Amino acid sequence: MSCLVESLKVLRGSSKEAVENINAFNPFKKYMHIKRNLEDELIGIIEQARKSEHKQLVLVCGSVGDGKSHLLSYLKHEKKVLDDFYLHNDATESLSPDMTSIETLDQVLTGFRDENIENGRNERVIIAINLGTLNNFIDSEIGGHYKKLKQYISKQEILESYTHVSAYDAHNFFQHINFSDYHLYELTKKGNHIDSFYVRELMNKLVAEHEQNPFYKQYQQCKECRLANSCPIKHNYELLKEKQVQAAIIEVLVEAMIKHKIIISTRSLLNFFYDILVGQEFSKGTYINLNYEDRPKAYIKSLLPNLLYTHPDYSNVLEQISKLDPMSIRSESVDEIIVRFNILDDVITLLKEHLNDSVYIKALEEMDINLRTKEQRETKKALLELFIRLYRLNGIKGKLAIEDEVYAEFINSVYSYNANDIRGLKDLYTNLMDAIFRWNGGSSKKMVGVNVGINQFHYRVSQELKIQEWIEPGEINSNELIERFVPYITVAIADEDGKRKERINVDFALFKLIRDIKNGYRPNVKDKNNFVSFVNLIERVYNYGNKKKEVVIESKNTENISRYILKKSKFGFEFERIK
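Residues numbered from 1 in each chain as written. Predicted model: local features only at pLDDT ≥ 70, side-chain atom pairs only at ≥ 80, totals over all residues. Heavy atoms only, no water.

Colleague: How do you make sense of the state of the cysteines when you look at a structure like this?
Modeller: A disulfide bridge is the covalent bond that connects two cysteines by way of their sulfur atoms. For the coordinates displayed, the defined rule picks out 0 disulfides. Unpaired in terms of disulfides, cysteine 3 finds its nearest cysteine sulfur in cysteine 222, a separation of 6.1 Å. We classify cysteine 3 as buried; its relative accessible area is 17%. Unpaired in this structure, cysteine 225 has its nearest cysteine sulfur neighbour in cysteine 231, at a distance of 6.4 Å. (Disulfide = S-S within 2.5 Å. Buried < 20%, exposed > 50% of the residue type's maximum accessible area, 1.4 Å probe, protein only.)

Here is the structure:
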């Protein structure tokens, strides 16, 4: 009898199904296809390009493994809309083993060289190309023959981090769509402002209860297996069906992307689901042969919450997610539950109090684990870790406080910024202004520290600084979903008259630092090395101050504070004591 584990192996990055080929589209890829908005946008560009009276080059750009080749293969074999186009996949196709990728591209694009573009037949070419390869091509010596293409790429800011609407330009030889403009997730008005249509649909493809789903068909045979009641893979699959669990997995993925700036491609996403459903160490044969005492520990080790948080060695995605392990979060409610857990023998009852119905709990009950023996202490520790991690995915809301409040505030600010709702940015700007004044030891919201070269141990030098928040309000985006956005907040500070302005993009790390400074944290040398852009902004803003006219010198002796003013007057410099 075949096994669910075997059917899930097609999700692995090393499987033959992971390699995309524009010229082939098998039933599995057809089943796994998820329609996204960019599909309709690309079809629209292709239909317009087909009608054009001059040459058309359509660049399908993005990152490695993000689905470019899959979509073109789908449009070719299922939609039948590419018959009039020559297709080239830069990642997998080579015209000759002796040619470099740049030479291959040059041969494919010869008709679009500057000297050829307005001559010859009306070619229609579509290229799936990674942004790095595109950049290398236009900057190469051969790229000197493609100045018009280079100008188009520059004007459209294809290689920049900004998002753009990919509209067809009837007056141009070049068109494009950039997969990097489309995030793996969306911003929403509801709840915590995060959702992902694509990831949710992908999970539904895995667990949908119909005969077209090859995984579900295999899962149905699991009931005939003698491990049916204690198989961690079967139970992981069943847990993934839970809507709350799916929502939590989306949250975890997005949190890793935002906090650690990782890019998750479709290919790595499929591999991720294999890693959290099966893992890289599970062996059915070994598991079957485990004795009664050893099986509970092996079972717990192979459960989805543990696979999610404890295997940084599996992939870059899981490496970053491991840094979000709920076991590293401490709160009063978590500490209380840990103490209670450690003194109880019947921990299953505690799990039932805090977790929604889970197939795991039923399986653990049937194993009848004896936690009273010394040998089972490790199992009890493993159960505690499972409990905390499972609570993050499928816990009864409000029981334990394991959320990152700073991250939640950041997401609220990102949503407010992209929705043009300036009311949601008030706290950020308040914290930002405070951080600017405190950065070099400022003691008020009027005075900032002035660096005078060598560190001063006895005196503090400061200047008056008058600045203001600079906000350019736009029309509020009232859409339920925001699909095109930037995962940061651009803030601006202006001088007193609003004539000079400085801007900076606030990502999660900088957002946290600014908030910490507001709460009394003093930046150290490491912070100043890690946040160079913020240091540069502060230095430029400090130039708005009046240090060229007047500085205040204050003793650091707390017992006998003395203050002096050094100022420039019509008669030269004046120095006087003011306190």
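Colleague: For this particular structure, what's the right way to read the pairing of strand E3 (residues 124–130)?
Modeller: In the case of a regular strand, side chains alternate between the two sheet surfaces. Most of E3 sits inside the fold, with 7 of its 7 residues counted as buried. In this sheet, E3 lies alongside strand E2 (residues 86–89) in parallel orientation, the contact comprising 4 bridges. In the strand pairing of E3, leucine 87 is matched with isoleucine 126. (Helix = DSSP H or I, 4+ residues; strand = E, 2+ residues; numbered from the N terminus. Pairing = 2+ DSSP bridges.)

Colleague: Teacher, can you tell me more about the packing of helix H11 (residues 243–260) against helix H20 (residues 377–394) here?
Modeller: Packed helix pairs are specified by the crossing angle of their axes together with the interaxial distance, meaning the distance between the axes. For the pair H11 and H20, the least separation of the axes is 7 Å and the interaxial angle reads 100°. It follows that H11 is roughly perpendicular to H20 by the angle criterion. Residues Gln244, Val245, Ala248, Ile249, Glu251, Val252 and Glu255 of H11 lie in contact with H20, whose contacting residues are Arg392, Leu393 and Asn394. (Axes fitted to C-alpha atoms, helices over the stretch in contact; angles between N-to-C directions. Parallel < 35°, antiparallel > 145°, perpendicular 65-115°, else oblique. Contact = heavy atoms within 4.5 Å.)

Colleague: What exactly am I supposed to notice about the environment of isoleucine 45 here?
Modeller: Among the structural elements, isoleucine 45 can be located in helix H3 (residues 37–51). For isoleucine 45, a relative accessible area of 3% corresponds to the buried category. It is 45 Å that separates the C-alpha atoms of isoleucine 45 and histidine 235, two residues lying 190 residues apart in sequence. Once you skip the residues sitting within four places of it in the chain, isoleucine 45 turns out to touch Val58, Ser166, Tyr168, Gln175, His176 and Ile177.

Colleague: It is not clear to me how unusual backbone geometry should be interpreted in this structure. Could you clarify?
Modeller: Only a minority of non-glycine residues have a phi that is not negative, and only a minority of peptide bonds are not trans. In the Ramachandran plot, glutamate 157 falls in the positive-phi region, its phi being about 55° despite a non-glycine side chain. Overall, glutamate 157 belongs to the partly exposed group, its relative accessible area being 29%. Positioned with a positive phi, lysine 261 is a non-glycine residue whose angle comes to about 55°. Residue placement: lysine 261 occurs in the loop between H11 and helix H12 (266–277).

Colleague: Can you help me understand the packing of aromatic side chains in this one?
Modeller: Each pair of aromatic rings is reported with the distance of its centres and the angle of its planes. If you walk through the whole model with that rule in mind, you get 16 aromatic pairs. Relative to phenylalanine 174, the ring of phenylalanine 112 lies with its centre 6.3 Å away and its plane at 45°, an arrangement referred to as tilted. One end of the pair, phenylalanine 112, is in the loop between helix H5 (101–108) and E3; the other, phenylalanine 174, is in strand E4 (residues 174–178), and 62 residues separate them in sequence. Judged by relative accessible area, phenylalanine 112 falls into the buried class, the value being 1%. Ring geometry for phenylalanine 272 and phenylalanine 273: centres 5.1 Å apart, planes at 70°, overall edge-to-face. When sorted by exposure, phenylalanine 272 lands in the same class as phenylalanine 273, which is buried. In this arrangement the basic side chain of arginine 36 is found over the ring face of tyrosine 198, its NZ or CZ atom lying 4.4 Å from the centre. One residue, lysine 501, lies across the ring of tryptophan 470, its end atom 4.6 Å from the ring centre. (Phe/Tyr/Trp six-rings, centres within 6.5 Å; stacked < 30°, edge-to-face > 60°. Lys NZ or Arg CZ within 6 Å of the ring centre and 35° of its normal.)

Colleague: Mind showing me how you'd approach a nonpolar patch on the surface here?
Modeller: Side chains of Leu566, Phe573 and Phe575 sit close together on the surface and give an oily, nonpolar patch of about 340 Å² of accessible area. Structurally, leucine 566 can be placed in strand E14 (residues 563–569). On the basis of relative accessibility, which here comes to 33%, the residue leucine 566 falls in the partly exposed class. (Patch = residues over 30% accessible without salt bridge, like charges linked within 9 Å, V, L, I, M, F, W, Y side chains within 5 Å. Areas by Shrake-Rupley, 256 points an atom, 1.4 Å probe, with all protein chains shown as cover. Salt bridge = Lys/Arg side-chain N within 4 Å of Asp/Glu carboxyl O.)

Colleague: Is there a simple way to think about the environment of lysine 381 in this case?
Modeller: With respect to the helices, strands and loops of the structure, lysine 381 is situated in helix H20. Given the relative accessible area of 52%, lysine 381 is considered exposed. For the pair lysine 381 and leucine 432, spaced 51 residues apart in sequence, the C-alpha separation works out to 43 Å.

Read these as geometric descriptors, not functional statements.
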